[in-house]
Structures are given as structure tokens and as C-alpha cells.
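Each chain, letter by letter, is given below.
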Amino acid sequence: MTAGTRLPPRESMDFAVVIVGAGPAGLAAAIRLKQLAPEASVVVVEKGAELGAHILSGAVIDPAPLDKLLPDWRQDQDRPLKTKVTADRFYVLGPARALRLPNFIMPRLMNNHGNFIGSLGNVVRFLGAKAEALGVDIFPGFAGAEVLYGPAGAVLGIATGDVGISRNGSLKSGFTRGIELHGKYTLIAEGARGSLAKELIAKFGLDKNREPQKFGIGLKELWRIDPSLHRPGLVQHSFGWPLDNRTGGGSFIYHFEDELVAVGFVVHLNYWNPTLSPFDEFQRFKTHPMIAPLFAGGQRISFGARAITEGGWQSVPKLVFPGGALVGCAAGFVNVPRIKGSHNAIFSGMLAAEHVVAALKAGRAHDEIIAYEEAWRGSALGRDLYKVRNAKPLWSKFGTRAGIVLGGVDMWMNEIFGTSPLGTLAHGQPDHASLKPLAEATPIQYPRPDGKLTFDRLSSVYVSNTNHEEDQPCHLHLNDPSIPIARNLPEFGEPARLYCPAAVYEVVYGNEAEQSDPRFVINAQNCVHCKTCDIKDPAQNINWVPPEGGGGPNYPNM
Ligand SMILES: Cc1cc2nc3c(=O)[nH]c(=O)nc-3n(C[C@H](O)[C@H](O)[C@H](O)COP(=O)(O)OP(=O)(O)OC[C@H]3O[C@@H](n4cnc5c(N)ncnc54)[C@H](O)[C@@H]3O)c2cc1C
Ligand code: SF4
């Protein structure tokens, strides 16, 4: 039997609210729903094998929304955030030097005092336990694979993916049909570049009259370092080297409990050079003379990567559609200069929940919760994003050095006067349109990894604990299978080989010496679900869809 043959009908379950994605946004929404309407049934599906398995963040976390959501969390024995920020440092890096910027010139909103350093994965596990205690049904290992629409076009819920289909489409012995989860309202909390969110934004034109969403790829490693070098509470950011002035991005290093250090690097996905590899830029960053000594004698524990939204205020789509809403980074609430989005994810989940409860109490279902859309720009969420709305466009337009100075001045103006003479700047083109042809770029050469401080992709995927059932349909769909070789290879050198941090994409030559007879190979089992290919492919030819639930990375505490 093949998947093309008539499949058995799906079973269905009815809930008041269906939530897709157990990140901070989805779980905050679930908790708030139950706090305000204990009688409402709420279900959360999560594609990771367990809660937190697919969560990757920095993370320095602004606790303000947690204080509102769970006022007693600071007294909780099991609280996931224990390390308070004690020192904040900003550097501009050159190849051999580092210039520390005085803290007083930084806009006040960049100050991290009062914030906590920790693992967002552990925050999510903590929120999950709180949600379950309130009666929320949480189904980890289930991907939201399909949006269900009613006859009038409203969203009625989602279906989880079928399990047990082989690579060639035949049904295996353990085949299990997905389940339909029907809700009066469906909240999409998939994080950056959600696959259902992408469909809904296109179907309902939610991004009409908005600037294009912008993204970065964030790469992160967790290290246990020499105790004598560990400074719990230290937060360090840099920009500049190894990126050129036209390429946006920067690093973070956060010291927290148990001699742990989170080190990461973000590259803005509007980079122009098709020979750039964000993964290798990250590895090279660690070799800087100021950075490398920190890791001497240390051990890398984990690696991962995830897209981060960067469009901010002017790119947030309309949040509501008939039957549901977008919350968290599925809509894009990251404050880019602060490199923080988890506080806004929680705020947006709470705000959406409050308006959903009002609608449920009024006996409504499957309509637009327009009050949520109307509320966010005037809320704490909107105020947080409004002040920094020009930082990213200025960086993109004027490059790192001038862009950061201008962005800083603009943020100060917004802090002091509540406005800026620049108004709200546009982002311009989407990230997939920014690559220059190979012929116009100087190829970037990366040093070989040493296996101690710097690593290759495959050993990195290994420590991300990534695992997929191998005999399943490829979850990386090519709209036109000929494009990688016919268009992307001659024009850009097929950049998927370089922007994918997990060695999923390869070009293999029939005759390696002559570089002839090229073939595009997709090693889908390595995918760490960062979504970069869905964003950056210049032809917008790659469509990331969820693989069988439970597949993907299994991050311990990222
Ligand atoms: C490298 C990096 C560093 C960052 N540093 C910081 C920081 O220091 N401080 C900070 O505040 N923020 C930081 N952020 C941003 C922050 O991580 C995000 O803003 C936040 O995680 C967004 O929360 P969310 O709940 O919207 O999405 P996510 O945290 O991405 O959670 C979404 C969840 O939904 C699940 N999911 C997705 N699609 C489906 C589906 N179809 N079916 C079922 N489940 C699905 C995912 O597996 C995931 O568990 C950083 C981000 C990155 C990438
Ligand atoms: S295949 Fe795409 S989503 Fe998967 S790791 Fe590579 S770039 Fe990220």
C-alpha cells in the first residue's frame, strides 16, 4: 500500500484551544489560558521528542514577563534561572585586537542588569511542568503537519503528521495515521519561520503592507570550561571580525552555572557573499586571541543552530486570522539590539491568551481575535520593539561600523524623546535576494578545524544528538528539483552547502577531478531544524516541512 492509496480516516479530538509548539510563547499562552479559564481545554503539540529538545537560544533572559505569568517563580526550588547577570561587556573585534566599548555609551535598553543567564530549554521544561499542573495536555513527539480549514475558510485546528511512511511513499508495518486536533481557536507558536505559520501568512496575506521578515542564523555551543576561567554572571558581546563590514552579525558569550559557558555567533541572513559559511565564521571567531584562551582545557558539550527573527516592529505580520493567531517568533518579536526574544514570546503568548479567553467567554469561535492584533503595538511588547525599530535597517544599509553608531544614536533618541527624526525605516529586500553572483565575490577560505577548539559540521551534528527515522519521505521539499544544479550552482556555487550548518546539502560530482556530472544530494537525517534553507535559498525553492514527530536534535539544555 502506498501513501497515495486511500488512507484510513483520522481520529479527532476537540479542545477549546490548540497550540502548535511548546516554546516559551506556546507554553505561556497555555498557562495564561488555564489561569484565566480553568474550564477551557487546552492542548499543546511539540515536534521535539521531549519538551526543550528543539529549543536553542542564548540565553540572557529578561524576567519581567515571567514575574507576571508566575509571580512565585523566583522562590520555586526548581526554578530554571539562577545566575543573575553581574557584568556586561561589549567589544569591537579586529583580526588580532579587541576594543571594549564603555558601557555608558550603550543605550539603556541594552543593559543586562536584573536579567538572568540560563538555558531556554530548561525554562521551557519548567513552564511545561507548570502548564501540566494546570491541566494542559502536552503531546511531545507530535508535529503539527497540516492546517485544517472549514468550509468558509476559517482554521478549525491542525492535524499531526502520519508516522510510518517509507522514503518511497509506501506504508510501513507500524503506520499510524495522524490525529486531528480541533479547536475553537488555534495558536501558532512554532518559533522563527514556522512551517504552518508560513502557510497561514501566505494564505491570509498577513504580511500585506508589512516590511519583509528578516532573519539571522544563530549557532551555539555549550562548553564546560576550566573553573579558574569561569565568571558566573558575565555577559559578553562582540561584533566585527571575522565578518566583513558589509556583513551583519556578532557573538555572545554567557557564563552561567556549573562552569558552563554558552558561546554563539549570529550571522544576519542578508549576507551577500555566496562563499560565506556561517558555521565556519563561528568556528573562526573562537580562534580570536581574546576568545581562544577561554576554552583552553574546556570541553564542548553540545552544538546547535536556529534561525532568529530580526525584522522587528515593521515586519510583524497581522497576528490574527479566522480561527487563530500567531504568537512569539512565529510572528517575529525579537528585539535585535538586545538579542532577546524569549521575553516577548512570553508576553505575546499571554496577550493572545487573554484575548482568546475573552472571545471564548463571549461564546465565540473560529473568528478573528482582532482585539489581540489591536492591542500588541500599545503593549509592553510593542514598546520594546518600537524603540529599536531602526537599528537593523541602519546596520543593513550602512554596514557594521557606521550602522551600529547610527543605530545607537537612533535608540538614544527613541529612549529620550520617544521618537526619532528617521521615522520608521524600511528593510528593503528579503534575505533570499541579497546574494551577489559568485563571479562578483572574493571566495572566503576557512582554516581546517583542529578538533579541540574548532570543529567540522559532522562532529557538531553528532553532539546535537540529532536523530531522524531514516526511512521516511525527505522533509526538505524542492519545488523544482532542477534548480540547485541548473541555477544555484553556476550562479552562486550552490550556497546551501555553506549556509546549512549540518552538512545536509552536498553537490557530488560524477567525475570529481573534472567537476562534471554534478548531482544535488540531501542528507535530511542531519537536519537540526534551524530553517535557514527555507529562508536563504536564492530561488525560494526549498520548503521545510516537519519530519516524523520526535525527529531532529535532542538538545540537553540549549
Ligand atoms: C542563537 C540564538 C540566541 C538567542 N539568544 C537569546 C537571548 O539571549 N535572550 C532571549 O531572550 N532570546 C534569545 N533568542 C531568541 C529566542 O530564543 C526566541 O525569541 C524564542 O525562543 C522564541 O520563542 P517561541 O516560543 O516563539 O519559539 P521557539 O523557542 O522557537 O519554540 C518553538 C517550539 O515550537 C516547536 N515547533 C515548531 N514547529 C512545530 C510544528 N509544526 N509542530 C509542533 N511543534 C513545532 C519547536 O520544536 C519549538 O519547541 C536567541 C535566539 C537564537 C537563535
Ligand atoms: S537542512 Fe535546512 S533546516 Fe535543516 S539544518 Fe540545514 S539549513 Fe537548517
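Residues numbered from 1 in each chain as written. Chains lettered and ligands numbered in written order. Predicted model: local features only at pLDDT ≥ 70, side-chain atom pairs only at ≥ 80, totals over all residues. Heavy atoms only, no water.

Chemist: What is the right way to read the sheet that holds strand β7 (residues 116-117) from this model?
Modeler: The strands that make up a sheet pair up through hydrogen bonds in the backbone, lying either parallel or antiparallel. Sheet architecture is open: three strands sit in the order β3-β7-β4, paired in antiparallel fashion. Only two strands of the sheet have a single partner each, and these edge strands are β3 (60-61) and β4 (83-84). Bridge count for β3 against β7 is two bridges, and the pairing is antiparallel. Within β7, the residue paired with V60 across the bridge is I117. (Pairing = 2+ DSSP bridges. Helix = DSSP H or I, 4+ residues; strand = E, 2+ residues; numbered from the N terminus.)

Chemist: Help me understand the site of ligand 1, please; the structure alone is not making it clear to me.
Modeler: Around ligand 1, 37 residues are found, and the nearest of them are E46, S57, V60, G144 and S342. In the model, a nitrogen atom of ligand 1 is placed 2.9 Å from a nitrogen or oxygen of the E190 side chain. Within the contact set of ligand 1, an oxygen atom lies 2.8 Å away from a backbone nitrogen or oxygen of C329. Burial of ligand 1 by the surrounding chains reaches 98%, relative to a free accessible area of 990 Å². At the level of secondary structure, the elements contributing two or more residues to the shell around ligand 1 comprise α1 (24-36), β2 (42-46), β16 (249-255), β18 (299-309) and α6 (342-361). Among the elements that make up the shell around ligand 1, the one with the highest residue count is β18 (three residues). Per-class residue counts for the shell around ligand 1 are 21 nonpolar, 11 polar and five charged. (Near = heavy atom within 4 Å. Polar contact = N/O pair within 3.5 Å; in protein donor to acceptor, adjacent residues only side chain to side chain. Areas by Shrake-Rupley, 256 points an atom, 1.4 Å probe, with all protein chains shown as cover. Nonpolar A, V, L, I, M, F, W, Y, C, P; charged D, E, K, R; others polar.)

Chemist: Any chance you could explain the pattern of salt bridges here in plain terms?
Modeler: Where charged atoms from two side chains of opposite charge come close, those side chains can pair. One pass over the full model with this rule turns up 22 salt bridges. Among the salt bridges present, the one from R10 reaches E146, with a minimum N-O distance of 3.0 Å. With R10 in the segment before β1 (12-20) and E146 in strand β9 (residues 144-149), the pair connects residues that are 136 residues apart, well separated along the chain. The exposure class assigned to E146 is partly exposed, which follows from its relative accessible area of 35%. The salt bridge involving R10 is made with E180; its shortest N-O contact spans 3.3 Å. One end of the pair, R10, is in the segment before β1; the other, E180, is in strand β13 (residues 180-188), with 170 residues separating them in the sequence. Put simply, R10, E146 and E180 are held in one network by salt bridges that share partners. (Salt bridge = Lys/Arg side-chain N within 4 Å of Asp/Glu carboxyl O. Buried < 20%, exposed > 50% of the residue type's maximum accessible area, 1.4 Å probe, protein only.)

Chemist: Would you mind showing me how to read the sheet that holds strand β14 (residues 215-224) here?
Modeler: Pairing in this open sheet of seven strands is mixed, and the strands run β6-β5-β15-β16-β17-β14-β18 from one edge to the other. Two strands in the sheet have a free side with no partner beyond their single neighbour: β6 (98-101) and β18. If you compare each strand with its neighbour and ignore which way they point, the axes differ by 20° on average. Of the strand pairs in this sheet, strand β15 (residues 234-240) and β16 are connected by four bridges, and their pairing is antiparallel. The residue bridging S238 from the neighbouring strand is S251, located in β16. Contacting β15, β16 and β17 (260-268), helix α9 (residues 391-417) runs over the sheet at an angle of about 95° to β15. (Axes fitted to C-alpha atoms, helices over the stretch in contact; angles between N-to-C directions. Contact = heavy atoms within 4.5 Å.)

Chemist: What is the right way to read α1 from this model?
Modeler: Each turn of an α-helix holds 3.6 residues, which means side chains three or four residues apart point in the same direction. For α1, spanning 13 residues, the distance from its first C-alpha to its last is 18 Å, which sits close to the expected 18 Å at 1.5 Å a residue. Of all 13 residues in α1, 11 are buried; the element is thus mostly enclosed. Restricting attention to buried positions, one finds in α1 the residues P24, A25, G26, L27, A28, A29, A30, I31, R32, L33 and K34. (Expected span 1.5 Å × (residues − 1).)

Chemist: Just to check I follow, could you spell out the packing of aromatic side chains for this structure?
Modeler: Two aromatic rings, taken as a pair, are described by how far apart their centres are and by the angle between their planes. The tally for this structure, following the rule as stated, stands at 14 aromatic pairs. Taking 5.0 Å as the distance between ring centres and 25° as the angle between the ring planes, the aromatic pair formed by F252 and Y254 counts as stacked. Note on accessibility: F252 and Y254 belong to one class, buried. Centroid distance F265 to F285: 5.4 Å. Interplanar angle 40°. Geometry classified as tilted. (Phe/Tyr/Trp six-rings, centres within 6.5 Å; stacked < 30°, edge-to-face > 60°.)

Chemist: Explain the site of ligand 2 here, please?
Modeler: The full set close to ligand 2 counts 14 residues, and C500, C527, C530, K531 and C533 are the nearest of them. Looking at the shell around ligand 2, its residues break down into 11 nonpolar, two polar and one charged.

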